[in-house]
Amino acid sequence: ALVSMRELLDHAALNGYGIPAFNVNNLEQVQAVMEAAKETGAPVILQASAGARKYAGEPFIKHLIQAAIEMYPNIPLVMHQDHGQNPDVCQGAINLGFSSVMMDGSLEADGKTIASYEYNVDVTKKVAQLAHKVGVTVEGELGCLGSLETMKGDKEDGHGTDATMTREQLLTDPEQAADFVKQTQIDALAIAIGTSHGAYKFTRKPTGDILAIDRIKEIHKRIPSTHLVMHGSSSVPQELLAIIRQYGGNMKETYGVPVEEIQEAIKHGVRKINIDTDIRLAMTAAVRKFLAENPEKFDAREWLKPAREAAKAICKQRYIEFGCEGQG
Ligand code: G3H
Ligand code: 13P
Ligand code: NA
Ligand code: ZN
């Protein structure tokens, strides 16, 4: 059944676990997440980016998720809009039936310019007011995602900035976070701690200087009742990179966010963990391997099946690692 994100995150906080929020764009990804949730007894957050709505078309995204609700009526499910660029996008998602929206005011509506604090407060507050009226949950973002190795921002949703930033801009300030939540009345806060979107997050296994889990602890201490959200939280498994390379893919050396760091973050207020890239890697590895080993096959279902299985496996793993088993 469709539930509000607030309800799921409150339950997660009360019971000390975190919920992976998986990005979906097509049928097989939705099926993979739902089967993983069914097998582990986990609650579900399906999130669609602007890119996903453009790829599938809004009616398809809407009805794919509604089909999931119809087929799995006993699984609590949140339909979340990822990275809304402005209040109109969020209103559009609400009209479409989303039960949760993210207003990402860390960048201006052009999706490139780093926004002023005042701008971020203004647009996020606007969305919280219109969303809360209809029972929709709101996630805001404070601080800019980007690398503490290169000091550059990341291009999320195909937009975003790769501008050079200061450490200050790349790490959410706990005092400002408290003011932001108070002024905007958001339900969940996405924080910047050195993660970025995509496969290329770190040039080495991250340590505290480039992945600031300690900053999460400081923010949580200051605003203990605000649910924290980690973006750019794929772990980029080396085994998947190896399969992709083995079957002709070109992936450079790279490292993601280690699962044990996310588990530590869950102990300090992180309730929603955004994952897209790991599903992409899992599906790509499976398809490359299958087609290389079965060059005579051409029925799309035959190669989509192992892709869907691989996506399901990574989703199940994250549900278990983040403590979701039996919580759905
Ligand atoms: O925000 C980033 C997510 O990974 C979505 O990516 O915009 O390519 O769908 P996308
Ligand atoms: P990854 O690219 O690390 O999977 O992050 C996804 C994300 O944050 C979507 O909002
Ligand atoms: Na952002
Ligand atoms: Zn994100």
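As a convention, each chain's residues are numbered from 1 in the sequence order in which they are written. In the order they appear in the text, chains get letters beginning with A and ligands get numbers beginning with 1. Only residues with pLDDT of at least 70 are given local features in this predicted model, and only at 80 or more are side-chain atom pairs given and counted; all residues enter the totals for whole chains, interfaces and linings. The side-chain quantities take in all heavy atoms of the structure and omit both hydrogens and water.

A. Quick look at the overall build of the protein chain. Strands here mean DSSP runs of E at least two residues long; helices mean DSSP runs of H or I at least four residues long; both are numbered from the N terminus. Looking only at helices and strands, the protein chain features 13 helices and 8 strands. Expected size for 328 residues packed as a compact globule is a radius of gyration near 20 Å; at 19 Å, the protein chain falls within 12% of this value. Each residue is assigned to one of three classes by its accessible area relative to the maximum for its type, calculated with a 1.4 Å probe on protein chains only: buried under 20%, partly exposed between the two thresholds, exposed over 50%. For the protein chain, the residues scored as buried account for 56% of the 328 residues in total. A separation of at least 24 residues holds for 73% of the contacts in the protein chain among residues at least 6 apart in sequence. Only the protein chains shown count as covering a residue, and every accessible area follows the Shrake-Rupley method with a 1.4 Å probe. Carbon and sulfur atoms make up 52% of the accessible area of the protein chain, which amounts to about 13800 Å² in all. Counted as positive: Lys and Arg. Counted as negative: Asp and Glu, with His and the chain ends omitted from the count. Think of each charge as sitting on NZ of Lys, CZ of Arg, CG of Asp or CD of Glu. Counting 35 positive and 43 negative side-chain charges, the protein chain places the centres of these two groups 2 Å from one another. Each radius of gyration is computed over the set of C-alpha atoms, and the globule rule expresses the reference value as 2.2 Å times the number of residues to the power 0.38. The contact criterion used is simple: two residues touch if any of their non-hydrogen atoms lie within 4.5 Å.

B. Inspection of the coordination of the zinc ion (ligand 4) at higher detail. Only N, O and S atoms count as donors, using a 2.8 Å limit from the metal and a wider 3.2 Å limit for Na, K and Ca, and since water is excluded some coordination spheres may look unfilled. At 2.0 to 2.1 Å from the zinc ion (ligand 4) lie its protein donor atoms, namely His83 (NE2), His197 (NE2) and His231 (ND1). When the donors of the zinc ion (ligand 4) are listed by position in the chain, the intervening gaps give H-x113-H-x33-H. Of this pair, His197 sits in the loop between strand E6 (188-191) and helix H9 (213-222) while His231 sits in the loop between strand E7 (227-230) and helix H10 (238-246), and the two are 34 residues apart along the sequence.

C. Geometry of the site of ligand 2. The environment of ligand 2 is formed by 15 residues, the closest being Asp82, Lys201, Ser234, Asp276 and Thr277. Throughout this description, a polar contact denotes any pair of N or O atoms lying within 3.5 Å of each other; where both atoms belong to protein, one of them has to be capable of donating a hydrogen while the other can accept it, and for residues adjacent in sequence the pair is counted only when both atoms sit in side chains. A distance of 2.5 Å separates an oxygen atom of ligand 2 from a polar atom in the side chain of Lys201. Here an oxygen atom of ligand 2 and a backbone polar atom of Ser233 are 3.2 Å apart. For ligand 2, whose free accessible area comes to 300 Å², the fraction covered by protein is 96%. Secondary structure elements with two or more residues in the shell around ligand 2: strand E3 (77-84) and strand E8 (270-275). Nearness is defined per residue: one heavy atom within 4 Å of the molecule or strand is enough.

D. Structural context of the pattern of salt bridges. Any Lys or Arg side-chain nitrogen located within 4 Å of an Asp or Glu carboxyl oxygen qualifies as a salt bridge. Under the defined criterion, the tally for this structure stands at 20 salt bridges. Here Arg53 makes a salt bridge to Glu58, at a shortest N to O gap of 3.2 Å. What makes Arg53 buried here is its relative accessible area of 9%. Here Arg301 makes a salt bridge to Asp299, at a shortest N to O gap of 2.9 Å. By relative accessible area, Asp299 is classed as partly exposed at 26%. Several salt bridges share partner residues, and in doing so they unite Asp214, Lys217, Glu264 and Lys267 into one network.

E. Representation of the side chain of Ser49 within the structure. Mapped onto the elements of the fold, Ser49 is located in the loop between strand E2 (44-48) and helix H3 (50-56). The class for Ser49 is buried, based on a relative accessible area of 12%. Within the structure, Ser49 has its side chain in polar contact with the backbone nitrogen of Ala52 (distance 2.9 Å).

F. Quick look at the packing of helix H12 (residues 277-293) against helix H13 (residues 300-321). The contact between H12 and H13 brings their axes to 8 Å, and the two run at 145°. Remark: the crossing between H12 and H13 carries right-handed chirality. Contacts between H12 and H13 involve Asp278, Ile279, Ala282, Met283, Ala286, Val287, Phe290 and Leu291 on the former and, on the latter, Glu302, Trp303, Pro306, Ala307, Ala310, Ala311, Ile314, Cys315 and Arg318. The classification used treats Ala, Val, Leu, Ile, Met, Phe, Trp, Tyr, Cys and Pro as nonpolar, Asp, Glu, Lys and Arg as charged, and all other residues, Gly among them, as polar. Residue composition of the contact of H12 with H13, by class: 14 nonpolar, no polar and 3 charged. For helices, the fitted line uses only the C-alpha atoms of the stretch in contact; every axis is such a line through C-alpha atoms, and the angle between N-to-C directions lies from 0 to 180 degrees. Each helix crossing is assigned a hand: it is left-handed if the near helix lies turned anticlockwise from the far helix by less than a right angle, otherwise right-handed if that turn is clockwise.

G. Region of interest: the confidence of the model for the protein chain. The score called pLDDT rates the predictor's confidence residue by residue, from a low of 0 to a high of 100. Across the protein chain, pLDDT averages 96, with 99% of residues at or above 70. Overall fold confidence for the complex sits at a pTM of 0.98, while the interface term, ipTM, reaches 0.95.

H. Fine view of the sheet that holds E7. Two strands form a pair only when DSSP identifies at least two bridges running between them. Taken in spatial order, the 8 strands of this closed barrel run E1-E2-E3-E4-E5-E6-E7-E8, and their pairing is parallel. For this sheet the average axis-to-axis angle between neighbouring strands, irrespective of direction, equals 25°. In this structure, E3 lies alongside strand E4 (residues 100-103), joined through 3 bridges in parallel fashion. Bridged to His80 within E4 is Ser100. Set on the sheet, helix H8 (residues 174-184) makes contact with strand E5 (137-142) and E6; between it and E5 the angle comes to about 150°.

I. How the structure looks around H12. Each helix should span, by expectation, one fewer than its residue count multiplied by 1.5 Å. Relative to the 24 Å expected for 17 residues at 1.5 Å per residue, H12 spans 24 Å between its end C-alpha atoms, a close match to the ideal helical length. Along H12, the residues that are buried comprise Thr277, Asp278, Ile279, Leu281, Ala282, Met283, Ala285, Ala286, Val287 and Phe290. Buried residues in H12 make contact with strand E1 (19-23), helix H2 (27-40), H10, E8 and H13.

J. Quick look at the packing of helix H6 (residues 117-133) against H8. At a minimum axis distance of 9 Å, the contact between H6 and H8 shows a crossing angle of 35°. Regarding H6 and H8, the two cross each other, and that crossing is right-handed. Here H6 contributes Tyr117, Asn120, Val121, Thr124, Lys125 and Ala128 to the contact with H8, which in turn contributes Gln176, Asp179, Phe180, Gln183 and Thr184.

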